[in-house]
Amino acid sequence: MNTQSQTIVVKLGTSVLTGGTLKLDRAHMVELVRQCVQLKKAGHQVIVVTSGAIAAGREHLNYPELPKTMANKQLLAAVGQSCLIQAWQSLFGIYGVDVGQMLLTRADLDDRERYLNARDMLTALLKNNIVPIVNENDAVATNEIKVGDNDNLSALVGILAGADKLLLLTDQSGLFTADPRKDPKAELIKEVHTIDETLRKIAGGSGTTLGTGGMATKLQAADVARRAGIEVIIAAGSAENVITDVVNSKPQGTKFLPVECALESRKRWILAGPPSKGSIVIDDGAVNAVQQKGSSLLSKGITEVSGHFIRGGVAKIVNTKGELIARGISRYSSDDLSKILGKHSQDIYAVLGYEYGPVAIHRDDLVLI
């Protein structure tokens, strides 16, 4: 087993969880859980993005004949989501591992403050050795706020978690040069360096009547994730030891290599992104720590805050002479920073009654000018 700790997002499609039937295949689910637990025991962090709520709802209600309306899909999701999380809770419980449910919509990820709250929750679950079980909140999501498929949701979750690998498990062995169900000469593409129009044409639609994602959405997800520096693998969920093999770098499915300097592209976004809504003045010690040591900005080093910005907003960082030092995404609002400036990190909770971590601006969210 790879000794270097990694964060792995495992996305499980409906076809994988049902084995192509109309109900959850719990025997196969427990095998997937066993592999996830094996990774945890080796020191890795695992996040499960699960489909199957609507399929579970249909099974629980004994396959009712319902008109194909949004309300009825939400009905099935509302019933099925509780069945699905109970199944995961029960199966991980066999190994004494706790799980935590996380239901997201596009609105949670588009709004910067809600995005940060979701990231903090995910981090807290992982820090406390709890496996996050993530799904789209289909019971309340409308077309306007839906991610739409769990392939793209898993890519966004990977970015939220700062994941190393995203494993998209499906009923196919990977991406082929043609549809293997129609063309016997189709060959598995083992490694992808660039996603271009040729690949997009190869990727067809949904291969199953139960799920919402096909190879095209997996390609979209892979493109999003790899731009954030995440390695993506599309592989068959039925393959033996598929999850553990991927972490051990044993060939499975199609591997999409991450874009180099992904963090730098994020920093370019901070530099060229939304205009700063305020300024943070820092003392000489903080200037030295940020510029020379590559440190995060702590509240202790802040002497003044001007302007107005929300948590997750971009602020200018200046020295006591008013010279621009950096730009960064603040983990606290300007109002909060005004209350905790000059304070030690361990005093933040006592002052505010809550905290979003020990740093005002993390070094990964900070660009030196």
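## Some points on the environment of Gly 19
Okay, step 1: If you trace the backbone, Gly 19 turns up in the loop between helix H1 (14–18) and helix H2 (26–41).
Okay, step 2: Measuring from C-alpha to C-alpha, the distance between Gly 19 and Thr 170 comes to 9.9 Å, with 151 residues separating the pair along the chain.

## Digging into the sheet that holds strand E13 (residues 366–368)
Okay, step 1: Across the sheet, 5 strands lie side by side as E10-E9-E11-E12-E13; this open sheet has mixed pairing. In this open sheet, the two edge strands, each paired with only one partner strand, are strand E10 (302–307) and E13. Neighbour to neighbour, the strand axes of the sheet diverge by 25° on average, direction disregarded.
Okay, step 2: Of the pairings in the sheet, the one linking strand E11 (residues 314–318) to strand E12 (residues 324–329) comprises 5 bridges and is antiparallel in character. Bridge pairing in E12 places Lys 316 opposite Arg 327.

## Side note on the packing of aromatic side chains
Okay, step 1: With the rule as written, the count across this model stands at 3 aromatic pairs.
Okay, step 2: Relative to Phe 92, the ring of Trp 88 has its centre 6.2 Å away and its plane inclined at 45°; by these criteria the two rings are tilted. Of this pair, Trp 88 and Phe 92 both sit in helix H4 (residues 70–93), separated by 4 residues, roughly a single helical turn. Assigned by exposure class, Trp 88 and Phe 92 land together as buried.
Okay, step 3: When the centroid spacing of 5.5 Å and the interplanar angle of 50° are considered together, the rings of Tyr 332 and Tyr 356 count as tilted. With Tyr 332 in the loop between E12 and helix H13 (334–340) and Tyr 356 in the loop between helix H14 (348–352) and E13, the pair connects residues that are 24 residues apart, well separated along the chain.

## A few points about the pattern of salt bridges
Okay, step 1: Under the criterion given, the structure shown has 9 salt bridges.
Okay, step 2: Between Glu 197 and Arg 200 there is a salt bridge whose closest N-O contact spans 3.2 Å. Of this pair, Glu 197 and Arg 200 both sit in helix H8 (residues 197–202), 3 residues apart, roughly one helical turn.
Okay, step 3: For Arg 200, a relative accessible area of 37% gives the class partly exposed.

## What about the packing of H2 against H4?
Okay, step 1: Relative to each other, H2 and H4 sit at 55°, their axes nearing to 9 Å. In terms of their interaxial angle, H2 and H4 are classed as oblique. For the element pair H2 and H4, the recorded crossing hand is right-handed. Together, Arg 26, Met 29, Val 30, Val 33, Cys 36 and Val 37 of H2 and Ala 87, Trp 88, Leu 91 and Phe 92 of H4 make up the contact between the two elements.
Okay, step 2: Here the contact of H2 with H4 is built from residues that sort into 9 nonpolar, no polar and 1 charged.

## Describing the sheet that holds strand E4 (residues 131–136)
Okay, step 1: Strand order in the open sheet made by the 8 strands is E3-E4-E2-E1-E5-E7-E8-E6, with mixed pairing throughout. The outermost strands of the open sheet, each flanked by one partner alone, are strand E3 (99–104) and strand E6 (191–192).
Okay, step 2: Bridge count between strand E1 (residues 7–12) and strand E5 (residues 165–170): 5 bridges; the pairing is parallel. Across the sheet, Val 10 pairs through a bridge with Leu 167, a residue of E5.
Okay, step 3: Running at roughly 155° to strand E7 (residues 231–236), helix H9 (residues 215–227) makes contact with E1, E5, E7 and strand E8 (254–256) of the sheet.

Reading the values: rules and limits
- Residues numbered from 1 in each chain as written.
- Predicted model: local features only at pLDDT ≥ 70, side-chain atom pairs only at ≥ 80, totals over all residues.
- Heavy atoms only, no water.
- Helix = DSSP H or I, 4+ residues; strand = E, 2+ residues; numbered from the N terminus.
- Pairing = 2+ DSSP bridges.
- Axes fitted to C-alpha atoms, helices over the stretch in contact; angles between N-to-C directions.
- Phe/Tyr/Trp six-rings, centres within 6.5 Å; stacked < 30°, edge-to-face > 60°.
- Buried < 20%, exposed > 50% of the residue type's maximum accessible area, 1.4 Å probe, protein only.
- Salt bridge = Lys/Arg side-chain N within 4 Å of Asp/Glu carboxyl O.
- Parallel < 35°, antiparallel > 145°, perpendicular 65-115°, else oblique.
- Left-handed = near helix turned anticlockwise from the far one by under 90°.
- Contact = heavy atoms within 4.5 Å.
- Nonpolar A, V, L, I, M, F, W, Y, C, P; charged D, E, K, R; others polar.

Functional significance is not addressed by these values, which are geometric in nature.
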